[in-house]
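Okay, here's what each chain looks like letter by letter:
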Amino acid sequence: MEKNCLKSKVWISVLALLVAMPIFVVAVSWFFPERELWAHFSTILLPNLISATVVLLIGVGVGVTFLGTILAYLVVMVEFPGRQWLEWALFLPFAVPAYVLAFVYLGVFDYSGYVQVWMREVLGLSGFDIRAGSWAIILTFVLVFYPYVYMMARASFKRQKVNIIEAGRLLGTSPLRTFFKISLPLARPAAAAGLLVTLMEILADFGVVSLFNFDTFTTAIYSAWGDFRSIEVAAQLASLLVLVAFFLIYFEKKARGQAKYYSSDVVNKKPYRAFGIMGWLISIFIFSVFMLAFAMPMLQLIIWGWAYSSKELNVRYTDLIISTLVLTVSATLITVSIATILALPNHCKKNSSWLKSVINIATLGYALPGSIMAVGLLYGINQVSAVSIYFGGQSINQIIFGSIALLLFSYISRFMAIGYNSIKASAEQIKPMFTQSARLLGVSRLRLIWQIYLPMMTPGILAGGLLVAVDVMKELPATYLLRPFGWDTLAIQVYELSAEGLFERAAIPALIMVLFGSVLMIIFQYLDKKS
Amino acid sequence: MNIKIRIVPALIVLLLVVTSVGIARARSEDLVTVYSSRKEHLIKPLFESFTRDTGIQVTYLTGKGGALIERLKLEGKNTNADMFMTVDAGNLWYAATQDLFQAVQTQTLENNIPSHLRDSKGLWTGLSVRARTIVYSTERVNPVDLSTYENLADTKWAGRLCLRTSKKIYTKSLVASMIYHHGINKASDIISGWVNNLAATPNAKDSHIMNAIISGQCDIGLVNTYYFARLITKNPNVPLKLFWANQDTTGVHVNISGAGVTKYATNVKGAIKLLEWLSNAKAQAIYASLNKEYPANQNVISDEVVSSWGSFKQDKMNLEQTGILQADAVKLMQTKGYR
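Residues numbered from 1 in each chain as written. Chains lettered and ligands numbered in written order. Predicted model: local features only at pLDDT ≥ 70, side-chain atom pairs only at ≥ 80, totals over all residues. Heavy atoms only, no water.

### Section: the overall build of chain B
In plain terms, the rule: Secondary structure elements follow DSSP: runs of H or I of four or more residues count as helices, runs of E of two or more count as strands, with numbering from the N terminus. Each radius of gyration is computed over the set of C-alpha atoms, and the globule rule expresses the reference value as 2.2 Å times the number of residues to the power 0.38. Only protein chains enter the accessibility calculation, which uses a 1.4 Å probe. A residue is then buried if its area is under 20% of the maximum for its type, exposed if over 50%, and partly exposed in between. Whether two residues touch is decided by their heavy atoms; if any such pair falls within 4.5 Å, the residues are in contact. Per-residue and other accessible areas were derived by the Shrake-Rupley procedure at a 1.4 Å probe size, with only the shown protein chains allowed to occlude residues. In this charge count, Lys and Arg are treated as positive and Asp and Glu as negative; neither His nor the chain ends contribute. A charge is said to be at NZ when it belongs to Lys, at CZ for Arg, at CG for Asp and at CD for Glu.
Broken down by element type, chain B carries 13 helices and 9 strands. Its C-alpha radius of gyration of 22 Å places chain B within 12% of the 20 Å reference for a compact globule of 339 residues. The buried share among the 339 residues of chain B stands at 62%. Across chain B, the fraction of contacts at a sequence separation of at least 24, relative to all contacts at a separation of at least 6, is 78%. Of the roughly 12500 Å² that chain B leaves accessible, carbon and sulfur atoms contribute 52%. Charge-centre separation for chain B: the mean point of 38 positive side chains lies 7 Å from the mean point of 27 negative side chains.

Here you go:
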């Protein structure tokens with residue numbers, strides 16, 4: 001066994017390090033210091049950008065945690081009118097790309113949008129600049145990213161034994177007190193895991209912040225690259241972002257328990273029933289979140305897209321849809337396969353801090369802005385080619401450039417964290433007892449994997465796969481930079497049209513994308529219910 | 001244990017299979033490949049028309065200017081691109097400094113495109129002209145008060161000005177022209193003045209600026225004229241008008257979109273043919289009507305809407321300057337807090 005353990009350790013390490021390659025490439029940039037640009041950045045830009053980023057992280061962090069947890073608690077623990085469908089409706093906003101929600105919100109709530117026009121003309125109030133300060137962008141981010149916390153917290157609440165809560169009730173504690181004293185502490189690790197993903201998304205975001213013209217740390221990365229043509233400084237700044245992500249993961253690990261996106265024990269019996277006014281108030285609250293995060297933006301997109309549908313929808317959309325689906329399916333399959341290998345229970349991992357850290361590094365890509373990851377990859381491959389040519393070999397550029405492999409690689413590296421976290425949570429449920437008894441019965445490891453591990457991990461693998469698929473479909477910056485000819489996706493169509501201010505036309509690809517995402521989320525829901 | 005050893009090679013094989021699917025298509029004389037930072041919906045009709053005229057197919061890849069330049073640099077000799085097409089003279093200048101173009105000097109191009117819109121060594125050719133000027137509310141601004149870009153820094157515009165974000169290439173080039181005409185110190189005062197006069201956080205898009213003026217958030221702004229053309233085509237009664245800036249001084253700030261044949265083009269002949277075709281009257285008319293820009297070919301009449309604004313004096317600053325001074329312009333805006 002010792003020898004086998006070593007072998008699998010090597011394989012897993014190689015696989016994990018391969019996934020983490022863009023991060024290492026980005027780190028290599030520190031060998032090329034650029035003092036002058038750093039002097040400008042550190043005195044003029046960074047102090048403000050860092051404080052703005054911190055404000056955003058705290059604001060959105062608090063917001064998604066509160067909203068996600070409260071919604072999850074209500075749908076799991078309380079029976080109220082409309083709960084059945086609101087519970088799944090709350091998943092749908094996950095299918096809406098952040099930049100799409102941002103451009104809809106700007107269209108509706110900006111000074112010239114309907115809401116402010118109505119406020120001025122009907123209510124006689126004076127208008128305001130929604131892009132001033134940070135509250136509007138924080139609210140937008142909260143509505144886009146609360147599903148991460150909601151999904152995690154909901155799964156966790158579902159696993160809480162109703163009898164604990166019933167015991168509390170029999171002892172006369174109020175529902176509010178039960179929530180704070182029993183449910184919330186138990187759900188904390190799950191909420192923390194959802195929060196972590198949200199924070200990494202925000203660190204890497206470029207679309208929403210640029211629409212709001214809100215400067216964050218990524219602004220500096222793009223400025224170094226776009227304005228000052230220094231890939232090195234851009235990569236150096238990006239590597240600092242990865243460092244922050246590393247610390248976030250470290251703190252989250254301390255807070256985490258068996259957090260996961262899906263639930264296995266379904267609580268059919270609700271401990272609380274909200275009757276009358278109270279029940280309706282809860283329904284209205286949840287319905288308004290759904291309205292703001294999904295229904296209203298979709299309605300706006302439909303209104304925008306309607307007039308242009310005959311003009312914009314053409315044969316080309318078949319290509320766009322096929323490219324999007326092929327990329328999504330292949331990236332998801334590969335990501336999930338690798339994540340499964342990394343997450344398979346393995347007696348090596350229990351006491352190997354090396355393996356644990358290598359796998360952790362493999363999940364850091366989520367905090368890298370997509371375009372920095374893409375440039376990192378191009379840069380890395382170019383270096384490999386240079387070395388290869390130096391030793392009289394061939395350049396590998398022509399094989400790699402313009403190929404779909406590089407793009408898939410960037411998806412895998414970027415979304416490994418999403419797939420892995422979900423799959424690992426299901427792997428952790430496999431009790432060592434199963435393995436030991438199977439082993440005693442002389443089962444080979446192969447059979448152990450096929451007949452015990454994989455079936456038990458299936459819910460996690462499916463959940464992870466669906467989440468990765470939605471994320472890949474929405475991905476923009478890496479796709480924009482790395483896609484080969486003829487591989488335009490729906491996300492790119494949305495970007496190209498909206499970048500020119502053609503929101504009416506951009507609404508059409510955006511709607512198609514949300515439709516696909518929603519279908520995936522409904523499948524996710526269905527599987528979740530079945531499990 | 002074995003399963004892992006098998007899964008990993010299987011994954012590698014899968015990757016290779018998928019790779020081969022995406023490997024660049026076979027090259028031929030009948031195919032020109034273009035990297036373009038002009039958006040797809042603006043170039044596709046042109047390329048389709050070119051194919052109908054010549055039988056030469058065009059494939060293209062769109063992306064952000066800076067990113068495509070990096071990609072071309074990294075791809076080097078192995079690039080698929082025969083032509084690189086982008087907006088902003090600064091980007092063309094930068095691509096030229098990175099040795100990405102080859103010189104093309106033909107009679108057709110010289111006849112069609114005036115020399116100040118072409119690179120002196122023939123590395124790139126301007127294909128359309130875009131003017132950035134003042135747009136104002138006809139309800140709240142008396143055009144008598146308007147004069148120059150510099151004048152927008154005057155305190156009389158305090159709380160009345162809308163600008164586009166400093167991250168956009170059009171803003172960077174305009175500020176570069178301020179540095180070119182006035183030197184860094186005076187330019188710095190102008191930028192400070194603009195920032196102090198802002199009515200709202202700088203907008204991400206020109207269309208937002210015009211909406212802001214219509215709804216009364218501000219009274220005056222700077223836009224590329226084709227955005228204004230789009231707006232009035234859709235809604236002819238908007239209470240907005242264009243004002244040609246700096247007519248008594250340096251002239252309206254203009255920029256170009258343009259293209260060049262890449263250094264390592266495989267189909268040089270086809271690429272030159274495409275470039276020449278793009279400069280001819282037919283293509284220039286499509287350019288002018290598709291995006292309501294000014295044709296680079298002076299023999300072509302602008303779109304109807306566009307010509308209704310009358311003629312104006314252009315800033316004749318050598319467009320290379322927008323590239324040379326761009327980093328200074330960005331530093332200046334960042335220092336003055338122009339988001």
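From this point, the discussion proceeds with the structure in view.
### Quick look at helix α7 (residues 135-159) of chain A
Residues and elements named next belong to chain A. The condition is simple: For a helix, the expected span equals 1.5 Å multiplied by the number of residues minus one. Here the bend at each residue means the angle between axes fitted to two seven-residue stretches, the one ending at that residue and the one beginning there.
An ideal rise of 1.5 Å per residue puts 36 Å on 25 residues; α7 measures up with 35 Å between its terminal C-alpha atoms. Taken as a whole, α7 carries its principal kink of about 45° at Phe-145; the proline Pro-147 stands between one and four residues after it. The element α7 is largely enclosed, with a buried count of 22 among its 25 residues.

### Quick look at the domain arrangement of chain A
All names here are of chain A. The criterion, for reference: In this document the domain limits rely on a domain assignment from an automatic tool or a database. Each of two parts loses accessible area, computed with a 1.4 Å probe, when they are put together; buried area is these two losses added. Think of a salt bridge as a Lys or Arg side-chain nitrogen and an Asp or Glu carboxyl oxygen that are within 4 Å of each other. Each polar contact in these results corresponds to two N or O atoms within 3.5 Å; when the atoms are within protein, one needs to be able to donate a hydrogen and the other to accept it, and residues that are neighboring in sequence are counted only if both atoms are side-chain atoms.
Taken domain by domain, chain A consists of domain 1 (1-23 + 313-488) and domain 2 (32-307). Here the C-alpha centroids of domain 1 and domain 2 sit 26 Å apart. Opposite the 32 residues of domain 1 that make contact, domain 2 presents 33 residues. Between domain 1 and domain 2 the total buried area reaches about 2900 Å² when both faces are included, carbon and sulfur atoms providing 68% of it. The tally of links between domain 1 and domain 2 comes to 0 salt bridges. The tally of links from domain 1 across to domain 2 stands at 5 residue pairs in polar contact (both at pLDDT 80 or more). The set of elements that each furnish at least two residues to the side of domain 1 that touches domain 2 consists of α17 (353-362), α18 (370-390), α20 (404-427), α22 (445-474) and α23 (477-482).

### Considering the nonpolar core
The line we're drawing: Only buried Ala, Val, Leu, Ile, Met, Phe, Trp, Tyr and Cys residues count toward a nonpolar core, and they belong to the same one when joined by side-chain atoms within 4.5 Å.
Grouped together as the largest cluster of nonpolar side chains are 192 residues, with contacts concentrated most on A:Phe103 and A:Leu237. Looking at this core, the element that brings in the most residues is helix α3 (residues 35-77) of chain A, giving 19 residues. Taken domain by domain, the makeup of this core includes at least three residues from each of domain 1 (1-23 + 313-488) and domain 2 (32-307) of chain A. Those residues in contact with A:Phe103 that sit more than four places away from it in its chain are A:Leu211, A:Leu301, A:Trp304, A:Val494, A:Ser498, A:Phe503 and A:Ala506. With 80 residues, the next largest nonpolar core counts B:Leu68, B:Phe101, B:Tyr170 and B:Ile256 among its residues.

### Digging into the interface of chain B and chain A
Facing the 68 residues of chain B at the interface are 78 residues of chain A. Between chain B and chain A lies a buried interface of about 6500 Å² when both sides are counted; carbon and sulfur atoms form 60% of it. In this structure, the connection of chain B to chain A is made through 5 salt bridges. For A:Arg316, the salt bridge is made with B:Glu40, and the minimal N-O distance between the two is 2.7 Å.

### Details of the UniProt feature "binding site: Fe cation" (unreviewed entry) in chain B
Operational definition: UniProt positions are given in the numbering used here, feature names are shortened, and annotations may be inferred rather than shown by experiment.
With numbering aligned to this structure, UniProt lists the feature "binding site: Fe cation" (unreviewed entry) at B:Tyr226 and B:Tyr227. Take B:Tyr226: it is sitting in helix α8 (residues 225-234). Of the residues examined, B:Tyr226 reaches a relative accessible area of 1% and is grouped as buried. Look past the residues within four positions of B:Tyr226 in its chain and what remains in contact with it is B:Arg130, B:Tyr170, B:Asn291, B:Lys292 and B:Glu293. Among the polar contacts made by the side chain of B:Tyr226, one reaches the side chain of B:Asn224 at a distance of 3.1 Å. Along the chain, B:Tyr227 falls in helix α8. Those residues in contact with B:Tyr227, other than ones at most four positions away along the chain, are A:Glu500, B:Arg164, B:Asp206 and B:Met210.

### Quick look at the environment of A:Arg35
Within the secondary structure, A:Arg35 is located in helix α3. Sequence spacing of A:Arg35 and A:Phe66 is 31 residues, and the spatial spacing of their C-alpha atoms is 43 Å.

### Description of the pattern of salt bridges
Residues and elements named next belong to chain A. Applying the stated criterion across every chain, the model contains 25 salt bridges over all chains. The shortest N-O distance in the salt bridge between Glu-79 and Arg-83 comes to 3.4 Å. Using a relative accessible area of 7% as the deciding quantity, one classes Arg-83 as buried. The salt bridge partner of Glu-87 is Arg-154, with a shortest N-O separation of 2.9 Å. Taken as a pair, Glu-87 in helix α4 (residues 83-89) and Arg-154 in helix α7 lie far apart in primary sequence, 67 residues in all. Accessibility classification places Glu-87 together with Arg-154 in one group, the buried group. Through salt bridges with shared partners, a single network forms among Glu-79, Arg-83, Glu-87, Arg-154 and Lys-158.

### Focus: the state of the cysteines
Note on terminology: a disulfide is the covalent bond linking the sulfur atoms of two cysteines. All names here are of chain B. Going by this rule: Any two cysteine sulfur atoms within 2.5 Å of one another count as a disulfide.
With the rule as written, the count across this model stands at 1 disulfide over all chains. Sulfur-sulfur distance for the disulfide between Cys-162 and Cys-218 comes to 2.1 Å. Handedness of the Cys-162-Cys-218 disulfide follows from its S-S torsion of about -100°: it is left-handed. A residue pair is termed long-range when its members are at least 10 positions apart, and Cys-162 in strand β5 (residues 161-162) and Cys-218 in the loop between α7 (206-214) and β6 (220-224) qualify at 56 residues. Among the residues examined, Cys-162 registers a relative accessible area of 0% and is labelled buried. Owing to a relative accessible area of 1%, Cys-218 belongs among the buried residues under this scheme.

### Let's talk about the confidence of the model for chain B
Residue and element names in this part refer to chain B. Heads up, the condition is: Scored between 0 and 100, pLDDT is the confidence that the predictor attaches to each residue.
For chain B, the mean per-residue pLDDT works out to 90, and 92% of the residues sit at or above 70. Mean pLDDT across the elements of chain B bottoms out in helix α1 (residues 2-22) (53) and peaks in β5 (98). In the model, residues 1-5 has pLDDT below 50 throughout and makes 17 contacts with residues more than four positions away in sequence or in other chains. Confidence over residues 19-27 falls short of pLDDT 50; this stretch has 20 contacts with residues more than four positions distant or in other chains. Confidence metrics for the complex model read pTM 0.89 and ipTM 0.87.

### A word on the packing of aromatic side chains
Residue and element names in this part refer to chain A. Just so we agree on the cut-off: Two rings belonging to Phe, Tyr or Trp (six-membered ring only in the last case) form a pair when the distance between their centres is within 6.5 Å. Interplanar angles under 30 degrees mark stacking, angles over 60 mark edge-to-face geometry, and anything in between is tilted.
The final tally for this structure, using the stated rule, is 31 aromatic pairs over all chains. Between Tyr-73 and Phe-157, the aromatic rings sit 5.3 Å apart at their centres with planes inclined by 75°, giving edge-to-face as the arrangement. Of this pair, Tyr-73 sits in helix α3 while Phe-157 sits in helix α7, and the two are 84 residues apart along the sequence. Note on accessibility: Tyr-73 and Phe-157 belong to one class, buried. Centre to centre, the rings of Phe-128 and Trp-135 are 5.9 Å apart; their planes meet at 50°, and the pair counts as tilted. Judged by its relative accessible area of 30%, Phe-128 falls in the partly exposed class. Through a chain of ring-to-ring contacts, three or more aromatic side chains come together here, namely Tyr-73, Phe-157, Phe-179 and Phe-180.

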